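Residues per chain, in single letters:
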Amino acid sequence: SPHCVPRCHKVQESLLSSASGYSNYRGVLNWCVVMLVLSNARLFLENLIKYGILVDPIQVLSLFLKDPYSWPSLCLVIVSNVFVLVALALERRLAAGSLSEGAGAALHTLNLLLVLCFPAGVVLAVSSITPGEGGQEPGSPGAGGTPADPPRSSPAVGAVFALGIYTIIFLKLFSFRDVNRWCRERRGQKTPPPGTADAASKANGDVGTSGVTYPANLTYRNLYYFVFAPTLCYELNFPRSPRRTGCLFQLFFMQLLVGLIQQWMVPTIQNSMKPFRDMDYSRIIERLLKLAVPNHFIWLIFFYWFFHSCLNVVAEVMQFGDREFYRDWWNSESVTYFWQNWNIPVHKWCLRHFYKPMIKRGVSKCTAQTAVFLASAFFHEYLVSVPLKMFRLWAFMGMAAQIPLAWFVSKFLRGNYGNAAVWLSLIIGQPIAVLMYVHDYYVLNYEGA
């Protein structure tokens, strides 16, 4: 009989074949992690052997402690309260009916424009917005270059911080103005049309009827809670949660970021200047790829430090209930999905106060999305070019380039290929902008000195 011997074969596919249905690649993932750790450990050891230990926390602290009574950036942050109080005063006048809607809109617009223009003007006018004098330039000893030139003002770290605060205040006051205007429009409707309940929920939050109503929300306490809350979208009543013990690793992650920048990124950037001057394209690409790894690693640490750790601690201190500061952007299969999910506070603001109002005015979705990207490009350039006091538009063009990239990825790439394209744009795109700005800053401030 042909079946007298036990059979050991049957029809089946190899595990790595797509027809096998096998999906447990946990061991392969662990192998990738081990290889990643080993390869980066080699790079880190090579860095230590070549440059020695460059991490100097005292240098960072001395930047802010050398002359604490002449911090233009700190003064700028304090002055920002003036614009917050002006917005509150305007809303109180509008609520009382002593100021017309047209005049109120004009004054609000002027106040918002000043929020962006005033700090930019101060940064451009003040010779050194960051206290103290900077370290060595790209050609100084320790960087493997020529003898050091006379000390110059350090890059405007304080200016970046101050302008970041003013940008946040601009977005918050824009939302504050819109929500109070919506409340006045509903108050003026004696018979609210269908759907008003949804609009009320949008303005007041899901807190029921026991919360504050308009215009009782126009108080210092209510507005300053919003100013410090980890959100950009105003509501009369925010969802609240009980206070819990928070993650207190902010200082550790901040020092880790500074240490990695000093030890890993700065030497690579300094050594990239000569290939740029000589237009040695092969060396430029080599430096770009060498910078991509530490830059991306630092960006990931920054994401966790700011969006998860810092914002959650602020939310816990203020008992702020909405803790969705990010979604699963790492699974993005399109560029659009990434930008919609990696920074939820900004995405909510753009959707609520920019994208949807344009759609209601009859603007097409494609045009509205393009406008959102261009607005984001403007703020990226604002936060880079003004502190550096040079206008090269690299950040603007980088963000604007996301528009055709988003179209290309959504049109021709799907699934894992789309996800790989998103990761590639993040890993390679950022170092290109860093090198371009550093090169231009070096040429503008040091070359020929």
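What counts as what
- Within any chain, residue numbers begin from 1 and follow the written order of that chain's sequence.
- Selection of residues for local features in this predicted model requires a pLDDT of at least 70, selection of side-chain atom pairs for listing and counting requires 80 or more, and totals for whole chains, interfaces and linings are taken over all residues.
- The basis for every side-chain value is the complete set of non-hydrogen atoms in the structure, without hydrogens or water.
- Strands are runs of DSSP state E lasting at least two residues, helices are runs of H or I lasting at least four, and both sets are numbered from the N terminus onward.
- In this scheme, a residue with accessible area under 20% of its type's maximum is buried, one over 50% is exposed, and one in between is partly exposed, where area comes from a 1.4 Å probe on protein chains only.
- Each accessible area is a Shrake-Rupley result for a 1.4 Å probe, and residues are judged covered by the shown protein chains and nothing else.
- Contacts described as polar in this section are N or O atom pairs within 3.5 Å, which, within protein, must combine one atom able to donate a hydrogen with one able to accept it, while residues neighboring in sequence count only if both atoms come from side chains.
- In this description, contact between two residues means that some pair of their heavy atoms is separated by no more than 4.5 Å.
- Centres within 6.5 Å are what make two rings of Phe, Tyr or Trp a pair, Trp counting through its six-membered ring; a difference in plane orientation under 30 degrees is then read as stacked, over 60 as edge-to-face, and the rest as tilted.
- Charge-over-ring placement is defined geometrically: NZ (Lys) or CZ (Arg) within 6 Å of the ring centre, and within 35 degrees of the ring normal.
- pLDDT gives the predictor's per-residue confidence on a scale running from 0 to 100.
- Axes here mean lines fitted to C-alpha atoms, for a helix over just the part in contact, with angles spanning 0 to 180 degrees between N-to-C directions.
- Geometric relationships in this document are graded by angle, where less than 35 degrees denotes roughly parallel, more than 145 denotes roughly antiparallel, 65 to 115 denotes roughly perpendicular, and other angles denote oblique.
- Under the scheme applied, nonpolar residues are Ala, Val, Leu, Ile, Met, Phe, Trp, Tyr, Cys and Pro; charged residues are Asp, Glu, Lys and Arg; polar residues are all the others, including Gly.
- For a helix, the expected span equals 1.5 Å multiplied by the residue count minus one.
- A pairing counts as a salt bridge when a side-chain nitrogen of Lys or Arg comes within 4 Å of a carboxyl oxygen of Asp or Glu.
- The set of buried Ala, Val, Leu, Ile, Met, Phe, Trp, Tyr and Cys residues whose side-chain atoms join them within 4.5 Å is what this entry labels a nonpolar core.
- UniProt positions are given in the numbering used here, feature names are shortened, and annotations may be inferred rather than shown by experiment.
- Along the arc lie the directions from the helix axis toward the C-beta atoms.

- Identification of the protein as Diacylglycerol O-acyltransferase 1 from Pampusana beccarii is taken from an unreviewed UniProt entry.

**A few points about the overall build of the protein**
So, point 1. Within the protein, the secondary structure is distributed over 16 helices and zero strands.
So, point 2. For the protein, buried positions account for 39% of its 449 residues.
So, point 3. For the protein, the computed accessible surface area is about 25,500 Å², with 67% contributed by carbon and sulfur atoms.

**A word on the side chain of Asn341**
So, point 1. Along the chain, Asn341 turns up in helix α11 (residues 335–341).
So, point 2. Note on Asn341: relative accessible area 4%, which makes it buried.
So, point 3. Of the polar contacts made by the side chain of Asn341, one reaches the backbone oxygen of Tyr337; its length is 2.6 Å.
So, point 4. With near-sequence residues (within four places) excluded, Asn341 lies in contact with Tyr326, Arg327 and Trp329.

**Some details on the packing of aromatic side chains**
So, point 1. Evaluation of the coordinates by the stated rule reveals 35 aromatic pairs.
So, point 2. With a centroid separation of 5.5 Å and 55° between ring planes, the pair formed by Phe238 and Phe320 is classed as tilted. Taken together, the positions of Phe238 in the loop between α7 (220–228) and α8 (250–270) and Phe320 in the loop between α10 (281–317) and α11 put the pair 82 residues apart, joining distant regions of the chain. Comparing Phe238 with Phe320 shows no difference in burial state: the two are buried.
So, point 3. With 5.4 Å between their ring centres and 70° between their planes, Trp299 and Trp329 make a pair best called edge-to-face. Of this pair, Trp299 sits in helix α10 while Trp329 is found in the loop between α10 and α11, placing the two residues 30 residues apart along the sequence.
So, point 4. For Trp329, a relative accessible area of 4% puts it in the buried group.
So, point 5. Note that Arg92 overlies the ring of Tyr220, its terminal NZ or CZ placed 4.9 Å from the centroid.
So, point 6. Just above the ring of Phe226 sits the side chain of Lys172; from NZ or CZ to the centre is 4.6 Å.

**With respect to the confidence of the model for the protein**
So, point 1. Residues of the protein with pLDDT of at least 70 account for 78%, and the chain-wide mean is 78.
So, point 2. Taken as a whole, residues 130–155 scores under 50 in pLDDT and shows 53 contacts with residues more than four places along the chain or in a different chain.
So, point 3. The low-confidence segment residues 191–209, where pLDDT is below 50, has 27 contacts with residues more than four positions distant or belonging to other chains.

**A short note on the packing of helix α4 (residues 101–125) against helix α13 (residues 365–388)**
So, point 1. Look at α4 against α13: their axes get within 9 Å of each other, and the N-to-C directions meet at 25°. On the basis of their axis angle, the class for α4 and α13 is roughly parallel. Contacts between α4 and α13 involve Val115, Leu116, Pro119, Ala120, Val123 and Leu124 on the former and, on the latter, Phe378, Phe379, Tyr382, Val386 and Pro387.
So, point 2. In terms of residue class, the contact of α4 with α13 is made up of eleven nonpolar, no polar and no charged.

**Focus: helix α12 (residues 344–360)**
So, point 1. Taking 1.5 Å of rise per residue, 17 residues should cover 24 Å, and α12 covers 22 Å from first to last C-alpha, within 8% of that figure.
So, point 2. Among all positions of α12, only Ile344, Pro345, His347, Trp349, Cys350, Arg352, His353, Tyr355 and Met358 are buried.
So, point 3. Of the residues that open α12, the one with a side-chain oxygen 3.4 Å from the backbone nitrogen of Val346 is Asn343.
So, point 4. Residue Gly362 follows α12 closely and has a positive phi angle near 95°.

**Topic: the pattern of salt bridges**
So, point 1. Scanning the entire structure with this criterion turns up eight salt bridges.
So, point 2. Note that Glu91 and Arg184 form a salt bridge whose closest N and O atoms lie 2.6 Å from each other. Of this pair, Glu91 sits in helix α3 (residues 72–96) while Arg184 sits in helix α5 (residues 157–187), and the two are 93 residues apart along the sequence.
So, point 3. Judged by its relative accessible area of 9%, Arg184 falls in the buried class.
So, point 4. Here Arg181 ties to Asp178 by a salt bridge, and the two come within 3.1 Å at their closest N and O atoms. With Arg181 and Asp178 both in helix α5 and three residues apart, the pair spans about one turn of that helix.
So, point 5. Its relative accessible area of 3% is what places Asp178 among the buried residues.

**Some thoughts on the nonpolar core**
So, point 1. Phe170 and Phe176 are the most contacted members of the largest nonpolar core, which totals 65 residues.
So, point 2. Among the elements that line this core, the one with the most residues is α5, at 13 residues.

**A short note on the UniProt feature "active site" (unreviewed entry) in the protein**
So, point 1. Here, UniProt's "active site" (unreviewed entry) annotation points to His380.
So, point 2. Mapped onto the fold, His380 is located in helix α13.

**Digging into helix α15 (residues 402–412)**
So, point 1. Along α15, the positions that sit buried rather than exposed are Gln402, Ala406 and Val409. With its buried residues spanning 70° around the axis, α15 presents them on a single face. Residues Trp407, Lys411 and Phe412 are exposed on α15 and point more than 90 degrees away from its buried face.

**Side note on the packing of α4 against α5**
So, point 1. It is at 9 Å that the axes of α4 and α5 come closest, and there the two elements cross at 175°. With respect to α5, the element α4 is oriented roughly antiparallel. Touching Glu101, His108, Thr109, Asn111, Leu112, Val115, Leu116, Phe118, Pro119, Ala120 and Val123 of α4 are Ala159, Leu163, Tyr166, Ile169, Phe170, Leu173, Phe174, Arg177 and Arg184, all from α5.
So, point 2. Of the residues that constitute the contact of α4 with α5, the class distribution is 14 nonpolar, three polar and three charged.

**With respect to the environment of Ser425**
So, point 1. By the secondary structure assignment, Ser425 is in helix α16 (residues 415–445).
So, point 2. Taking relative accessible area as the criterion, Ser425 reaches 22% and is therefore assigned partly exposed.
So, point 3. Residues Ser425 and Val335 lie 90 residues apart in sequence; the distance between their C-alpha atoms is 9.0 Å.
So, point 4. Setting aside anything within four residues of it in sequence, one finds Ser425 in contact with Leu405 and Gln430.

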